[in-house]
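# Results of the structural survey
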Amino acid sequence: MSAGPATPVEFATLTLGAELGRGGQGSVHRVRNKRINESATDGGWEVVYKEYAPAVLPQVDAAALAAAVALPERLTGEQGRWLCEKTAWPAAVVQRGGQTCGFLMRAVPDRFHFTLRTLAAGNQGPPRLATLEYLLNEDDYITGIGLAVTDRDRLLLLTDLATTLDQLHRFGVAVGDLSPKNLLFALAPQPECFLIDCDAARTDLATVLPQAETPDWQVPAGEERATRHSDTYKLALLAVRLFARDQASTDPAALAAIDPALGALARASLGKDPAARPTPAAWAEQLTSASGSLKPDRGPKAAGGAKPAGRAKPKPPTGSTTSRPHVNSGAVSAGAAAGGAGVGSAAAGVGKVLAALAAVVAVLLFAAHRDDSHPANTRSAADSHSLSISHLPRPTNSSYRAPQPDPTPSSTRPSTPTPTSTPTPSPSPTDPVATAGIGDCFFDTGTNGHADLTPTTCTTGTFKVVRINEGSTDLDGCANVPGNDESVSSKRYSRVLCLSYQSPGGDSYHARQGDCVFGPNGAGPWSLLSCRTGAFKVLAVYRGTSDHSKCDSWPHYNQWRTVSGPKGADQDVLQCLSMVFPDDAGYATVRECLFKSGSTFTNVGSCDRSNVYVTGRTSTPNYPAFCGQDASTYWRSNEFPDLGYTVCWRWR
C-alpha cells in the first residue's frame, strides 16, 4: 500500500511539552498531541520534535529532509517496521508558513535508557540515554555505574550494529557520523543498538546538513565522508575500542584476543583504501560466530591486559568538527527519558495495518501508509537505440577477501548525478527506456554490454522496473535500489531504468546475508520474510556455483539451496541457510549452560549467570523418554521435520 509522500505538518498544530535538549544545531521537544503508529494495540509510540536553530536553517537542504522522510515509501512493510524499530528516523517534515523548520521522529524507546548509579544518590537519579560512550571504559567504572556487560554482550551489540548498517546500506543510507554518542544500547531482553541523529545520515547521496564528524571518529584525511566504506571504518573503530576499554585506541590486539578473525577484519577495515574494506555483513557473520563460540564465564576483564589505566569516567560528548552539535531525541542527557512505547510488545498481533503503518514512520498518526522493495547494481550509457546495461555482481560470500583496489577512487566519483544540459526530447513510442514506467516488465535478450528490451507481462524470467532516475545517465544511481540486478540508460533521453530480475526461485533470489527466507521443502519459489521462528537465516551467498560444500564451515548451517538467475548459471546463487529456532536451545550442545525463563532458553555466555545445563540432544521431536529423569524441551518443523529436536536439561 502506498499513500504517496507524507504531507508536511504545520508547526501551529503541534502541542509541545518539555524541552529535552538544546545545542548549536537546534532543540528537541516532547510532542503531546501526536503519536506514531497510533492504531497499534499499545497506542503507538511517543513523538518528539527537532527544531533547527535560526542560524542553521539556511544550511538545511529541505529536499534532502523530505527525501529522508519519504524513504519508507520504497520499502516493504517489514522493512519499514524494521527501520523505525532500529532508528529514530525522520517521520514528518514540520513547516512554518510553508518553510521547513524541523521534523518529527519517534521518541527513544524506554529500553535504551538506564539509571546511572552514583555514590551520592545510588540508583535514585533520572533515567538517561544509554549511549555507547559508557561502554568504552574500564570494567571497574562500568560496574560502578550499575552496568553488567560481558564480552559476549559486546559481541552481540556489535553484531546487531553490523546487521543494522548492512540493512541501511541496502536502503541507500550511509550513517556518516557514526560514533558512540549517536548510538544507544540495550542489554535486555537481548543486546541491541538504536541509532539517533538520523537527519545527519546520507540518503541516496543527499544530506540534510553538511557532513561533519565527531572528534576521534574521523575517516582518514582526504576520504569522502558518509559512505558505506566510512561506516565500515567506524564500525571497526568501535569494535576495537569496545574491547580495548578505551575511547581512542586503534590497536585491535584486545579484539584479536577474543577472536583472531575479528582482529583481521578490524585491520582490513581500518585500512586507507575504502574499497578494500570488508562489508558490515562480513562483520556480522564473524561476530555471530565469535559470540557463539565464546567460552562460558567470559565476563568483564576477559580481554586480559587490554584495559587502559586511569580512565575512571566516560569521556564527555564532544562537538563535531563543525559547529554542528547533534540534537534530537537522543542528544539529551538526564532529562531525555522521553522513551516511546516499547517496541517489543507492539510487535506482535498488529498485523498488516501495523506493518504498513510502521513502515512509514513518516506517516505518523496522521494517516498515510507506505510500501515498496530492495538494494541495487549498475553501469554506463549509450543512446536511445544503443542501450548500455550493467550486471553488477551482487554480494557473494560475506567473509573477508583480500583487498581489491577500486580503479576509480571514491573521492573522484561524482556525489550526485549530473543532469544533462540539453532539452530532453519527447519520448519515442518505440524506445523502451523512454516510455517505461515503474512496475513495467521486459525480457532482455541483449548482451552484457547492450540491452535489448521487449515489453511483456510481469512473469518469471523478466526484469521489472523498480526505479527510474530522470536527468541522468549514471548507472551507479541504481546502486542502492532494493532488488536491483541490472541498470539501463539512454543518453538521448537522459534516463536510467533500475531493473529487478523476477527469478523463478522467488524474491528470495535477492536475499543477502542476514535476511530470512522460507519456502517449500522441494521445488517451488521461496520468499523473503521477517526472521521469525521456522524461517531460514541466510548465512552466506555464493554466486555462479552449486558447490554446497562451501556452506559446511558456516556456524549453525543446516540447509542449502540454489536460486536461478538471468542469462546463464554464472548469475545463479547458492544460499547457505540456518533454521531460526524458537530460542537458544535449538543449537545448544551437551553440557552447554543456558538461562531458563518460563519456557525460553537463552545462552547468556556464562555458566555463573545460567540456571540450567544441557544433558542430551536428539533430532527426534517430542521424545521426553530419551531424556530419562531429566526435563526436556522440543520443537518441530512441519515443512522440514529433519530439523526438529528434543533437548534434555537439568537445573544447575
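Before any of the text, the structure's been laid out above.
Residues numbered from 1 in each chain as written. Predicted model: local features only at pLDDT ≥ 70, side-chain atom pairs only at ≥ 80, totals over all residues. Heavy atoms only, no water.

## Focus on the packing of helix H2 (residues 77-86) against helix H4 (residues 151-170)
Running from N to C, H2 and H4 cross one another at 130 degrees; their axes reach a closest spacing of 12 Å. In terms of their interaxial angle, H2 and H4 are classed as oblique. As H2 packs across H4, the resulting crossing turns out to be left-handed. Note on element contacts: H4 touches H2 through Asp160, Thr164, Gln167 and Leu168, opposite Trp82, Leu83 and Lys86. Its residues assigned to classes, the contact of H2 with H4 shows 3 nonpolar, 2 polar and 2 charged. (Axes fitted to C-alpha atoms, helices over the stretch in contact; angles between N-to-C directions. Helix = DSSP H or I, 4+ residues; strand = E, 2+ residues; numbered from the N terminus. Parallel < 35°, antiparallel > 145°, perpendicular 65-115°, else oblique. Left-handed = near helix turned anticlockwise from the far one by under 90°. Contact = heavy atoms within 4.5 Å. Nonpolar A, V, L, I, M, F, W, Y, C, P; charged D, E, K, R; others polar.)

## Examining empty space enclosed by the protein
Tallying each qualifying case throughout the model produces 4 cavities of 30 Å³ or more. Lining the second largest cavity, in full, are Trp89, Leu168, Val175, Asp177, Asn182, Leu195, Ile196, Asp197, Cys198, Ala200 and Ala201. The class makeup of the residues in the lining of the second largest cavity is 8 nonpolar, 1 polar and 2 charged. (1 Å grid on protein atoms, 1.4 Å probe; cavity = no way out; pocket = protein on both sides within 12 Å on 5 of 7 lines; lining within 4 Å. Points joined across faces, edges and corners; volume = space filled by probe spheres on them.)

## Observations regarding the nonpolar core
With 58 residues, the main nonpolar core has Leu135, Leu147, Leu238 and Trp283 as its most contacted residues. When residues of this core are assigned to their parent elements, the largest contribution, 9 residues, is made by helix H5 (residues 228-244). Leucine 135 has contacts with Ile142, Leu147, Val149, Arg154, Leu157, Phe185 and Leu242, leaving out every residue within four places of it along the chain. Residues Val517, Val538, Leu577 and Met579 belong to the second largest nonpolar core, which totals 36 residues. (Core = buried A, V, L, I, M, F, W, Y, C linked by side-chain atoms within 4.5 Å. Buried < 20%, exposed > 50% of the residue type's maximum accessible area, 1.4 Å probe, protein only.)

## Thoughts on the sheet that holds strand S1 (residues 9-10)
A sheet is described by the order of its strands in space; here 6 strands give the open sequence S1-S5-S6-S4-S3-S2, paired in mixed fashion. Strands with a single pairing partner mark the edges of an open sheet, and in this sheet they are S1 and strand S2 (16-22). Bridging between strand S4 (residues 45-52) and strand S6 (residues 99-106) involves 5 bridges; their strand directions are antiparallel. Counterpart to valine 48 in the pairing with S6 is methionine 105. (Pairing = 2+ DSSP bridges.)

## Side note on the pairing of strand S25 (residues 573-579)
Most of S25 is tucked away: 7 of the 7 residues are buried. Of the two faces of S25, the one holding Val573, Gln575, Leu577 and Met579 and the one holding Leu574, Cys576 and Ser578 are both buried throughout. In the sheet, strand S24 (residues 559-563) pairs with S25 via 5 bridges, with the strands oriented antiparallel. Opposite tryptophan 560, over in S25, you have cysteine 576 as the bridge partner.

## Comments concerning the state of the cysteines
Following the criterion strictly, the structure yields 6 disulfides and no others. Sulfur-sulfur distance for the disulfide between cysteine 441 and cysteine 458 comes to 2.0 Å. Disulfide cysteine 441 to cysteine 458: torsion about the S-S bond roughly 105 degrees, handedness right-handed. With a gap of 17 residues between them, cysteine 441 in strand S15 (residues 441-444) and cysteine 458 in the loop between strand S17 (453-456) and strand S18 (463-470) connect regions that are remote in the sequence. Paired by a disulfide, cysteine 516 and cysteine 531 hold their sulfur atoms 2.1 Å apart. Sign of the S-S torsion, about 105 degrees for the bond between cysteine 516 and cysteine 531, identifies this disulfide as right-handed. Within this pair, whereas cysteine 516 is found in strand S21 (residues 516-518), its partner cysteine 531 is found in the loop between strand S22 (527-529) and strand S23 (536-543), the two being separated by 15 residues in sequence. The connectivity of the disulfides in the protein is 1-2, 3-4, 5-6, 7-8, 9-10, 11-12, where the numbers refer to bonded cysteines in sequence order. (Disulfide = S-S within 2.5 Å.)

Interpretation note: all reported values are geometric properties and have no functional meaning in isolation.
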